[in-house]
Amino acid sequence: MTSDPNLDTGLPIRLLHDRVLVRTEGADGERRSSAGIVIPATAAVGKRLAWATAVGVGPHVRSIVAGDRVLFDPDDRSEVELHGRAYVLLRERDVHAVAAERVEENSTGLYL
């Protein structure tokens, strides 16, 4: 890869190895139903995966680029604050799926 995707977002860090920095969607734990009803974080549900947008990737990440939507387990995360905004730092192996336009039609988009 010729350009560092972290420079495009203005982040003050350079990710190492197989790390992926993501920005979560919506408030922590809060989600919306398909009808638009806000379900608070205190509502009891089974284990649920979360979607986030990748904003930076390390040099050894193979399946994810900045801008991809990724599916991960919110219980296995490390949070970091940059410029007053909270981000989640993951390893590529902790990402369960990738949703991006470049994923081929016959491909699952999964990192196994």
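All of these numbers come straight from a predicted model, not from anything done at the bench.

## Here we look at the environment of D94
Next, step 1: The residue D94 is located in the loop between β7 (85–91) and β8 (95–99) in this model.
Next, step 2: In this structure, the C-alpha to C-alpha distance between D94 and R77, residues 17 residues apart in sequence, is 8.9 Å.
Next, step 3: Setting aside residues up to four positions removed in sequence, D94 forms contacts with L71 and F72.

## Concerning the packing of aromatic side chains
Next, step 1: Within the structure shown, the criterion is met by 0 aromatic pairs.
Next, step 2: The residue whose ring lies beneath R69 is W51, and the NZ or CZ to ring-centre distance is 4.8 Å.

## Looking at the confidence of the model for the protein chain
Do not read the fine detail of predicted coordinates wherever pLDDT is low.
Next, step 1: Per-residue confidence for the protein chain gives a mean pLDDT of 75; residues scoring 70 or more make up 66%.
Next, step 2: Confidence drops under pLDDT 50 across residues 1–8; counting only partners more than four residues distant or on other chains, this segment forms 12 contacts.

## As for the nonpolar core
Next, step 1: By size, the foremost hydrophobic cluster in this structure holds 13 residues, and its most contacted members are V20, V22, I64, V70, F72, L90 and V95.
Next, step 2: Among the elements of the structure, β1 (19–24), β4 (50–57), β5 (69–72), β7 and β8 are those that each provide at least two residues to this core.
Next, step 3: For this core, the element with the highest residue contribution is β4, accounting for 3 residues.
Next, step 4: Setting aside chain neighbours within four positions, we find L90 in contact with D18, R19, V20, V22, F72, D76, R77 and V95.
Next, step 5: In terms of nonpolar packing, the next biggest core, distinct from the first, is built from 5 residues, L15, L21, V55 and Y87 among them.

## A short note on unusual backbone geometry
Next, step 1: The phi dihedral of H17 is positive, around 55°, even though this residue is not glycine.
Next, step 2: Within the secondary structure, H17 is located in the loop between α1 (5–9) and β1.
Next, step 3: Judged by relative accessible area, which is 49%, H17 ranks as partly exposed.

## Structural notes on the sheet that holds β4
Next, step 1: Ordered by their spatial adjacency, 6 strands build an open sheet running β6-β7-β1-β4-β5-β8, and the pairing between neighbours is antiparallel. Only two strands of the sheet have a single partner each, and these edge strands are β6 (78–82) and β8. Between one strand and the next, the sheet's axes are offset by a mean angle of 40°, whatever the strand orientation.
Next, step 2: As defined by bridge partners, β1 adjoins β4 across 5 bridges and the pair is classed as antiparallel. Among the inter-strand pairings, R23 is bridged to a residue of β4, identified as T53.

## Quick look at the side chain of D73
Next, step 1: Of note, D73 is situated in the loop between β5 and β6.
Next, step 2: On the basis of relative accessibility, which here comes to 7%, the residue D73 falls in the buried class.
Next, step 3: Of the polar contacts made by the side chain of D73, one reaches the backbone nitrogen of D75; its length is 3.0 Å.
Next, step 4: Among all residues touching D73, those that are not within four sequence positions of it are K47, L49 and H96.

The rules behind these values
Residues numbered from 1 in each chain as written. Predicted model: local features only at pLDDT ≥ 70, side-chain atom pairs only at ≥ 80, totals over all residues. Heavy atoms only, no water. Helix = DSSP H or I, 4+ residues; strand = E, 2+ residues; numbered from the N terminus. Contact = heavy atoms within 4.5 Å. Phe/Tyr/Trp six-rings, centres within 6.5 Å; stacked < 30°, edge-to-face > 60°. Lys NZ or Arg CZ within 6 Å of the ring centre and 35° of its normal. pLDDT = per-residue confidence, 0-100. Core = buried A, V, L, I, M, F, W, Y, C linked by side-chain atoms within 4.5 Å. Buried < 20%, exposed > 50% of the residue type's maximum accessible area, 1.4 Å probe, protein only. Pairing = 2+ DSSP bridges. Axes fitted to C-alpha atoms, helices over the stretch in contact; angles between N-to-C directions. Polar contact = N/O pair within 3.5 Å; in protein donor to acceptor, adjacent residues only side chain to side chain.

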